[in-house]
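Given next are the chains, with one letter for each unit.
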Amino acid sequence: MKIENLITPDKTVTPHHPLSLKDEKGDTPILRQMLPYWQNNSSTYSGFLRWAWDFFSIDLNTQNKQQKSTKLLIREYHVPGWWQAAINMILRYHPGMRKVNRANAIATYRDGAKTILVQLLILYFMYVGKYGIYWEDNLLPRVKFIRYRGKSFNDASKKVDTIKMLMEDEDIVKVFGARKPSYSDRLKGVSKDNIHILITNEKEILLPFGIEQSARGHNILGRRPDMDVVDDVENTSNTKTVSTREYIWDEIMAEQFGGLKDDGLFIFIFNYVHPQAAGTTIIESAKKGVVNNWNVIVRKLSYNRYTESGDRIIVPDWEERYDANYVKGLEEFYKIKQRDYALFRREYYNEFVADEDYFMKEYEGRYIRQEGINWLEIFNPDGSKTLVPHKFYVSVDPAISEDKKSSDAVISVTAVAPDGKRRIHDLRVGKYDNRDRYQDGAVRPPIIAVTDEEMAGLRRKGLVEETVRVILKYNADLWIIERAGQQLAWYNDILDILRRLGVGNAGTTYHPTDEKVYKIRSGLLSKVAAGMYEINKYLLYKNRIISALKSFPNELDIFDALHNVEPFITLPKDLSVQHGKVISKENKPLNNVPSALLNPERYIGKVETFLLT
């Protein structure tokens, strides 16, 4: 991204009357001349970038080591492409905006100059903010108390030390005067400069602290924080467990955001590290429309464009520093192992890619109930058919809500063959009510709606009844419902309907205790990786499962119901049907095989009568 496209020396800007510009030390002719260029920001002009470029940029080949130490921007590299979008989002302001409108979540790539941006923004608010910063014609609230949070206190303190070093830059001191207190300044008044806090000569406060420290009690000089920066506080270590993730979430969302001034500015900048980490949760929730107030940006190292002939063109976000050849070489470097490539996509593209090459073979087949046994008739590639006995497991992962943005409930049907092969035969995903709801005036069946006529009277399907309908359709050998809180009541409701129908399908509850990513990887996906899972070629949600496999652990909810079957699987006997009789592999007829409870083909059009007799 070329800086000249954003700021030019002859750019016409609206001069605003400075809030404080007196004939005192630090108010120089340069400041008077250039202040309008630095104060003003809009969607087409960035006073911040102009200011940062004027003070903190340097040529790549400059030999002056002292200058190099305080110049963060290399002119030949320009600035990352994502900066302009982030700056516009952060500085956009209109009268009446509160902190809930000024909360910004920015996910960008490794080596994308995230920390440099927030360090320069802090200095911008300290130096130019004294005279007024504008978005179009709107004056931003003054920032006098800034908290800088890192993944540890030491991490935050080091980043604040860089800011202190930049405050001693020769150019910034010449134009704005000395802000960092000297020893004599600290003796005279409230100015402070130590590892725990900086209070400048203008009484601006900069407080470093870590995610392991509480955000409560930060009321200094009678002020609450005006600006919060949360810089890369999450990593793979502190997001491993549910408890640590919940701690970070509560610290950021409740303690820190709650303590911010009501019109304050909040900046949360990060990489993706875990699908349920705080930053990822905010971004993904915003994508789904679950949260509306957060301003979010997700940027990648590069993007792909394709020519009419289908050739891929790599378009880097920061082309002047990381060109297409560099991006291509970096990608090839990480392709040695799938696990390395997953790390690469997460760090540089904010994507979760499965760290194993998970694959499910497709199959074609239909369910048959014959002689009291569940079968799948498998359609072979040569056109022949094979009848294979299966145990059918119906698993339910509830998610009951009126909210259209809530998680989906999942009802899965897993068929297990004698050789241990698992086949995902049916999957129902949706937002169900607790119980069936009927249209006004609709005739309600005595127990449950199953016929087309009865189903037409429904206004909204209930998870309890829909689960029963699936259990009945497949004569489930076992049905499982994930148990947590009120879900035990749903288990009892399902059991009650089955008993009233005179159906004795076995059911149980299950409450997994392991951390979600670990349990799915070590349970369900270990079987997938071993080639033990196949998926119905015509399954409605097949593509969603395949996508979730490729991006694991980005989408987890779709796997919960499937995973919960694994602890309960037992293999059926290896049987066949010969001359109308069920025969075991030892070629012995099976005696006392119970009649089918349901045969969908036999009872088409008669389900209601059959169920209620």
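Residues numbered from 1 in each chain as written. Predicted model: local features only at pLDDT ≥ 70, side-chain atom pairs only at ≥ 80, totals over all residues. Heavy atoms only, no water.

Re the confidence of the model for the protein
Part 1: Confidence in the prediction for the protein averages 83 pLDDT; 85% of positions are at 70 or higher.
Part 2: Taking the mean pLDDT of every element in the protein, the minimum, 30, falls on helix 20 (residues 607-612) and the maximum, 97, on strand 11 (residues 227-231).
Part 3: Within the model, the stretch residues 1-13 combines pLDDT values under 50 with 33 contacts to residues more than four positions away or in other chains.
Part 4: Per-residue pLDDT stays below 50 along residues 15-26; that stretch engages in 29 contacts with residues further than four places along the chain or on separate chains. (pLDDT = per-residue confidence, 0-100. Helix = DSSP H or I, 4+ residues; strand = E, 2+ residues; numbered from the N terminus. Contact = heavy atoms within 4.5 Å.)

Points about the sheet that holds strand 5 (residues 134-135)
Part 1: The strand order 1-5-6 describes an open sheet built from 3 strands, whose pairing is mixed. Each edge of the open sheet is held by one strand with a lone partner, namely strand 1 (40-41) and strand 6 (138-139).
Part 2: Where strand 5 meets strand 6, 2 bridges bridge the pair, whose relative direction is antiparallel. Within the sheet, the bridge partner assigned to Trp 135 lies in strand 6 and is Asn 138. (Pairing = 2+ DSSP bridges.)

Concerning the packing of aromatic side chains
Part 1: In total, this model carries 27 aromatic pairs according to the counting rule given.
Part 2: Note on Phe 268 and Phe 270: the rings are 4.8 Å apart at their centroids and 50° apart in plane angle, and the pair reads as tilted. Accessibility classification places Phe 268 together with Phe 270 in one group, the buried group.
Part 3: Every member of this aromatic cluster is reached through a ring pair, and the members are Trp 38, Phe 48, Trp 51, Phe 55, Phe 56, Tyr 124, Phe 125, Tyr 127, Tyr 131 and Phe 176.
Part 4: Positioned above the aromatic ring of Phe 257, the side-chain terminus of Lys 99 is 5.0 Å from the ring centre.
Part 5: Residue placement shows Arg 423 over the ring face of Tyr 363; its charged tip is 5.8 Å from the ring centre. (Phe/Tyr/Trp six-rings, centres within 6.5 Å; stacked < 30°, edge-to-face > 60°. Buried < 20%, exposed > 50% of the residue type's maximum accessible area, 1.4 Å probe, protein only. Lys NZ or Arg CZ within 6 Å of the ring centre and 35° of its normal.)

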